[in-house]
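# Structural overview for review
Listed here are the chains, written in short residue letters.
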Amino acid sequence: MIRSVLTAACLAVLSAAHAQEDPAASFPDELILLPEDVQREAQAGDFDAETAEVPTGMTPAQEAWYRAQMAFVGEDWYLARRYAETAAVSGITDAAALAGLMARDGRGGEADMAAAAGWFRRAAEQDHPVALFQLGLLARLGDDSLDLGEPRRWFERAARAGHIDAMVAYALALKASSVPQDGQSARRWAERAAQQGSAEGMYQLAQMLDAGDGGERDAEGARIWYERAADANLAEGAFQAGMMWADGEGGEQDDAEARRWLRIAAESNYPPAQGQYGLMLYQGRGGEADAALAAHWFGQGARGGDAESQFLYAFVLAQGDGIEQDLEAAYRWVVAAGADALGAPVHNRDRDRLQAALERALPLEVQARVREAGAGD
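Residues numbered from 1 in each chain as written. Predicted model: local features only at pLDDT ≥ 70, side-chain atom pairs only at ≥ 80, totals over all residues. Heavy atoms only, no water.

### Side note on helix α11 (residues 199–211)
For α11, built from 13 residues, the straight-helix expectation of 18 Å at 1.5 Å per residue is met to within 8% by its first-to-last C-alpha distance of 18 Å. When you tally the buried positions in α11, you get eleven out of 13 residues, the bulk of the element. Every buried residue of α11 is accounted for by Ala199, Gly201, Met202, Tyr203, Gln204, Leu205, Ala206, Gln207, Met208, Leu209 and Asp210. Just downstream of α11, Gly212 is the residue with a positive phi angle, here 75°. (Helix = DSSP H or I, 4+ residues; strand = E, 2+ residues; numbered from the N terminus. Expected span 1.5 Å × (residues − 1). Buried < 20%, exposed > 50% of the residue type's maximum accessible area, 1.4 Å probe, protein only.)

Printed below as a string of structure tokens:
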């Protein structure tokens, strides 16, 4: 079964690495309150945010915030930061959140984490969800000088304030807890994020259902949520859905459906899926066998750092199957396959046997040269 090719330990490493990824740092769309026509003009650089007309009846604080937004959309970072800070001091919480983001990212001035935390704290006093979430991310950096404590409390407050990414972060913090009841809460928060359209929430919920974290294992539910995550453009979801279809977990077994999902993940440049899609092509599962195309996908996954793909690429290079035989290149890749992307040893008897066979075939000086140079074509 294809899913068994990846060991449980390897899957756990992939899941852990994925869970630690921070959401992309970007300006939250929910802070932009300008009319669309003003946004378009600002983006086109048609006016100066400092001298442009603003709607009548605004207080000085409201005007500063309006100009901050125009400047930000127009990418005048210095002016945007200055106006955002002015509005923030006057009590506009959205402006404080923007000032914190700009201080964090070094836009309009030097990056300053302490200042960012200060602006976020100001907005957090009013339970501003973006600011609360950003404080959680800053706390996760582990900088004691910021005096933020554990990130979990910030993620919880942001999640309860309705921030979807914070719901996922809070779910993961609960999942890591040793308290049994926290596992149940983790599943509920992941489901809440998933139900609100978060692709990461869908994936994490599927992971919990698949592993039985926080309740009974639900393979059928896991497969459904993996597919929904895939439909939301998450390659890892498509990969896991394909593996479950291949093994008949969570429903019927269907190689053609497995191959379809794995292809989606492979074409999304997800290295583990590239190797497994190549394996289906090589074995002719779910469609016609194609050794040359399989070798191509093994190579893609190998260069992406997936140990299983590296072993499979080494195998076809050694055999000359679908690709020109090259024992030296095969040896480079089989050696690389001895550790996963995080540097942990990979225990694979087939890999060990292939490496031993290649070492019998290659001169010692070639082996030494390969080990000194490292992996690659």
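Next comes the rest of the account.
### Describing the side chain of Glu227
Position of Glu227 relative to the elements: it lies in helix α12 (residues 219–231). Although Glu227 is buried, it forms no salt bridge, and the closest oppositely charged side chain is Arg223 at an N-O distance of 4.6 Å. Residues in contact with Glu227, not counting those within four places in the same chain, are Ala241, Trp245 and Trp261. (Lys, Arg positive; Asp, Glu negative; His and termini not counted. Salt bridge = Lys/Arg side-chain N within 4 Å of Asp/Glu carboxyl O. Contact = heavy atoms within 4.5 Å.)

### Looking at the packing of aromatic side chains
One pass over the structure, following the stated rule, counts nine aromatic pairs. Judged by centre distance (5.8 Å) and plane angle (45°), the ring pair of Phe133 and Phe155 falls under tilted. One end of the pair, Phe133, is in helix α7 (residues 129–140); the other, Phe155, is in helix α8 (residues 151–160), with 22 residues separating them in the sequence. On the accessibility criterion, Phe133 (4% relative accessible area) is buried. (Phe/Tyr/Trp six-rings, centres within 6.5 Å; stacked < 30°, edge-to-face > 60°.)

### Section: the packing of helix α9 (residues 164–175) against helix α10 (residues 180–195)
Relative orientation of the contacting elements α9 and α10 amounts to 160°, with a least axis distance of 8 Å. Classed by the angle they form, the pair α9 and α10 counts as roughly antiparallel. Along this stretch, α9 crosses α10, giving a crossing that reads as left-handed. Across the interface between the two elements, Ile164, Met167, Val168, Tyr170, Ala171, Leu174 and Lys175 from α9 touch Asp182, Gly183, Ser185, Ala186, Trp189, Ala190, Arg192 and Ala193 from α10. (Axes fitted to C-alpha atoms, helices over the stretch in contact; angles between N-to-C directions. Parallel < 35°, antiparallel > 145°, perpendicular 65-115°, else oblique. Left-handed = near helix turned anticlockwise from the far one by under 90°.)

### Observations concerning the confidence of the model for the protein
Per-residue pLDDT for the protein averages 90, and the proportion of residues at 70 or more is 89%. Here residues 1–17 is a poorly scored stretch, pLDDT under 50, and it has 31 contacts once near neighbours within four places are set aside; other chains count. Counting interchain partners and residues more than four positions distant, the pLDDT-below-50 stretch residues 19–26 has eleven contacts. (pLDDT = per-residue confidence, 0-100.)

### Concerning the side chain of Asp340
Within the element layout of this structure, Asp340 appears in the loop between α18 (327–336) and α19 (349–361). Lacking a salt bridge, the buried Asp340 has Arg351 as its closest oppositely charged neighbour, with an N-O distance of 12 Å. From its side chain, Asp340 meets the backbone nitrogen of Leu342 in a polar contact 2.8 Å long. (Polar contact = N/O pair within 3.5 Å; in protein donor to acceptor, adjacent residues only side chain to side chain.)

### Brief notes about the environment of Leu262
By the secondary structure assignment, Leu262 is in helix α14 (residues 255–267). Each C-alpha atom of the pair Leu262 and Gln276 lies 7.1 Å from the other, and the pair is 14 residues apart in sequence. Sequence-distant contacts of Leu262, that is, excluding residues within four places in its chain, are made with Ala238, Phe239, Gly242, Met243, Ala273, Gln276, Tyr277 and Met280.

### Focus: the pattern of salt bridges
Scanning all chains against the criterion turns up 18 salt bridges. One salt bridge connects Glu249 with Arg217, and the closest N-O pair in it is separated by 2.7 Å. Here Arg217 lies in the loop between α11 and α12 and Glu249 lies in the loop between α13 (235–247) and α14, a separation of 32 residues in the sequence. Among the charged side chains, a salt-bridge network with shared partners connects Asp210, Arg217 and Glu249.

### Quick look at the packing of α11 against α13
Contact pair α11 / α13: the axes reach a minimum separation of 10 Å and the direction vectors enclose 30°. Classified by the angle between their axes, α11 and α13 sit roughly parallel to one another. Our pair here, α11 against α13, has a crossing hand that is left-handed. Taken together, the residues of α13 that come into contact with α11 (itself represented by Tyr203, Gln207 and Asp210) are Glu236, Gly237, Gln240 and Met244. By residue class, the composition of the contact of α11 with α13 is two nonpolar, three polar and two charged. (Nonpolar A, V, L, I, M, F, W, Y, C, P; charged D, E, K, R; others polar.)

### Some thoughts on the environment of Met113
Residue placement: Met113 occurs in helix α6 (residues 113–124). Taking C-alpha positions, Met113 is 10.0 Å from Met102, a pair spaced eleven residues apart along the chain. In this view, Met113 contacts Arg104, Leu138 and Leu146; residues no more than four positions away in its chain are not counted.

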